[in-house]
Each structure stands twice: as C-alpha cells, then as structure tokens.
Amino acid sequence: MTSEKPNLHPAIIPLMAVSAGVIVANIYYNQPILNEIGQSLHVSESQIGRISMLSQLGYGLGMFFLLPLGDKLNRKNLILLLCGLLILTLVLFAYSSSLTVICLLSFLVGLFSTPAQIILPMAATLGKENRGKNVGKVFSGILVGILGARVLSGLITEWLGWRYVYGISAFMVLTMSILLKLYLPEVTPRFKGSYLSLLKSTLALVKEYRVLRQAALLGAFTFGVFCSFWTTLTFHLSSPPLNYHTGTIGLFGLIAIGGALVAPYFGKLADKGNVYGSLLLTVSMIIGSIILIKIFPYSIPVLIVSVFFLDIGVQATQITNFTRIYSLHEDAHSRLNTIYMTTYFIGAAVGTFFGLLSWKLGQWSLSTSQMLLWSCIALLIVMVSKRYKS
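Residues numbered from 1 in each chain as written. Predicted model: local features only at pLDDT ≥ 70, side-chain atom pairs only at ≥ 80, totals over all residues. Heavy atoms only, no water.

A count of helical and extended segments in the chain gives 16 helices and zero strands. For 390 residues, the compact-globule estimate of 2.2 N^0.38 gives 21 Å, and the C-alpha radius of gyration of the chain, at 20 Å, lies within 12% of that figure. With respect to the three principal axes, the spread of C-alpha positions in the chain is 65 × 50 × 35 Å. For the chain, with 390 residues in total, the buried portion stands at 58%. Counting contacts in the chain only where the partners sit at least 6 residues apart, residues at least 24 apart contribute 83% of the total. (Helix = DSSP H or I, 4+ residues; strand = E, 2+ residues; numbered from the N terminus. Rg over C-alpha atoms; globule rule 2.2 N^0.38 Å. Buried < 20%, exposed > 50% of the residue type's maximum accessible area, 1.4 Å probe, protein only. Contact = heavy atoms within 4.5 Å.)

Looking now at the domain arrangement of the chain. Put simply, an interface is often sized by how much accessible area is lost when its parts join up. Its domain assignment divides the chain into domain 1 (11–192) and domain 2 (194–389). A separation of 19 Å is found between the C-alpha centroids of domain 1 and domain 2. Contact residues are listed per partner, giving 49 residues for domain 1 and 54 residues for domain 2. Summed over both sides, the interface between domain 1 and domain 2 buries roughly 4,300 Å², with carbon and sulfur atoms accounting for 69% of that surface. Taken as a group, Phe64, Leu147 and Phe191 account for 14% of the area that domain 1 buries against domain 2, more than any other trio of residues on that side. At the boundary of domain 1 with domain 2, the tally comes to one salt bridge. With a closest N to O distance of 2.9 Å, Asp71 and Arg335 form a salt bridge. Along the contact surface separating domain 1 from domain 2 lie seven residue pairs in polar contact (both at pLDDT 80 or more). If you list the elements that add at least two residues to the side of domain 1 that touches domain 2, you get α2 (34–41), α3 (45–48), α4 (50–65), α7 (115–125) and α8 (131–159). Each residue belonging to the side of domain 1 that touches domain 2 can be placed in one class, and the counts come to 24 nonpolar, 13 polar and 12 charged. (Domains from an automatic or database assignment. Buried area = accessible area lost by both parts, 1.4 Å probe. Salt bridge = Lys/Arg side-chain N within 4 Å of Asp/Glu carboxyl O. Polar contact = N/O pair within 3.5 Å; in protein donor to acceptor, adjacent residues only side chain to side chain. Nonpolar A, V, L, I, M, F, W, Y, C, P; charged D, E, K, R; others polar.)

Here is the structure:
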C-alpha cells in the first residue's frame, strides 16, 4: 500500500495552493467581462448573465458527483484527468461565437474545475501535524484565485480581448497540470465500496451531523450574496453615471484580495471555541457592507470599504465553517466537503440568478435589497444554530 506519509517535495503545498487557485479562477473570469462577451455576441445583459449562473451550477454539481471520488480513486490521476478536460473546454470557449455553445461550455468549465476542491482535502492528509497550516495555505490559494480572477480577466480583456482570457487560462492550467504530474504525491484511497455506495454514504452524513447541515445552509446564503454582488456590481459600475471600463472594474478584485487575506485571522476565534461569536461578527460585516452600498450607491470610497468588509465577512464565514465540519469525521473529508461545497455553490448559482433577475427588474436598488434579505436570513441561521447546537 502507498504510504500515508509520502516523501514530499518541500514546495508541494505552495504548488497545490497555486494550482487550486489557477483552476478555480476559471469560474470567475466571466464576471467583470460580461458586457464585453455580450456585446461581441450581440445579446442582452440578462442573456449573457446566464454564463455566470451556469458556471456556478456546473461547479456545484461537480462538487456532488465528482468530489466524493477523492475518497475512492487515486486523487492524483483524478485531478489530472479533470484538468485535461478543463483545458480542452477552455480552448473551445476561446473560439466559440454562439451563445448556446458558450452557455454549455460555461457549465463544463464549472464542472471540470472540481480539482480545486479535491486538492483542498488532499492537503489535510499530507502530515497530520501540519494539517491546519497546509489546509490554510491551499485555501488561501483558492481565495486569491477566486478574487484575482476578476482583476486578471478585466485587464486581459481591456488589452487583448475577452477570448484571450480563456486561451491564457488554458495554458496556465496546462502548466500546473505538468507540475502536479511531476510532484503531486500518491495517496491511498480509503473507501473500498462502489460509486453508488460512496454517494449513499455521502448523503448519510447530512442526516448524521446537524453541524454539517447548519454550516452548509449558512454557506449557501452567504456565498449567494457574494456571487449576486459581484455579478451585478459589473453592471452597476459600467452603467451611468460611473461608466467604468473592464480594467477598472477588475481592479475592485484587488480590494477583495486584501479582504480575503485578512479573513483567515477570524478562524482563530473558531479555534478557541468561539464559533458562534465569530459567525455573528462575520455575517454582521456582510449586512453592514450591503447597507452602506445601498445608501451610497455611487460613492467610490464607500464601495471600496464595502467590498473589503463584505469579502472578509463571506470568506471568514467559510473558514469558520470548514473548522466546524472537518472535525466531524476524520476519514470522510472529501465527502464532508462534497455536502458543504455542493450546497455552497448551488447557493451561488441561485444567488446569481436572483441577482440578475433583481437587476433586470429594479437595477442596483432591487439588487442590494435582495442581497440584504439573503444576509438577514444568514444571520437568522446563525442565531438558530447557536440555540440548537449539537
């Protein structure tokens, strides 16, 4: 059998962090460049907005149907296979001119970006004595990938055009795949049953752990707010009176990266046992940020502050949730991650859908009202979870 503690290259955890970030970024490249894609295809905002929703939906379904395989199959081979399919999809995306084809490819981009979440629990198996440190580094890579994607795609689109975003990304994923092939260790899978029994055991975790249900539901609502915000912010910033270009819109992602780098410090509250205190604080940050941008919709300083604290709130909530669920079952990290992340990204797809619908019906005013409603529901979930904790 393969050793549980393989000889690791000293740079393997940073490589895993960068690889996860490069892979997951593909889901978010479209958000600041929706207008440019829509104009090149001659379709409306609401039509082109579907690609954000479909990429989130594909990722969410990938979480459920593909992520559990990390407990059953050779993770290295699974990661490399999915990366190969992702590269092919990105190349096709770069050359597509049909809205229908681009919508299908957006769904597949999300589906084949699953390796980012296979890498995360894999980091937890590479030395228990450094588990928290390793997972934290890889998770930071994912956060930077999510937020940096907006900056990169905005700048590339302004300089070269939106198609180059996906062509360059295909090359980046190929590079990471070669490095992972060379240096990623082999880890023996622990689950020996069939694929169907694997899915059944995954679903059984939902019934078994109340904390998992609470964390997943909270994650869905907070990330729904996050995706609704970033999708509609693109339209808000590109509309009068602001009229910003894609490069400028993408720079707002730099502010969000700053918030994401601060977010892990809130995990210390959860480590000390103050889980619900941490969650109340982080969800309150989200609510406060949305109230500010609703009252001052065209103030750039307010937008900057709100982006910073909204991202701290959303990402710190996720870190606290990971702290909760990874302590539930030592041998089922991939399956626990499956339940949490599937719910999380279904929330993202639904949040994006309602964000687009709100923008169509009432522009920024209705969009921020919808976000505020979801945030208040998230706060209610925290309060109910605290009362009925197990």
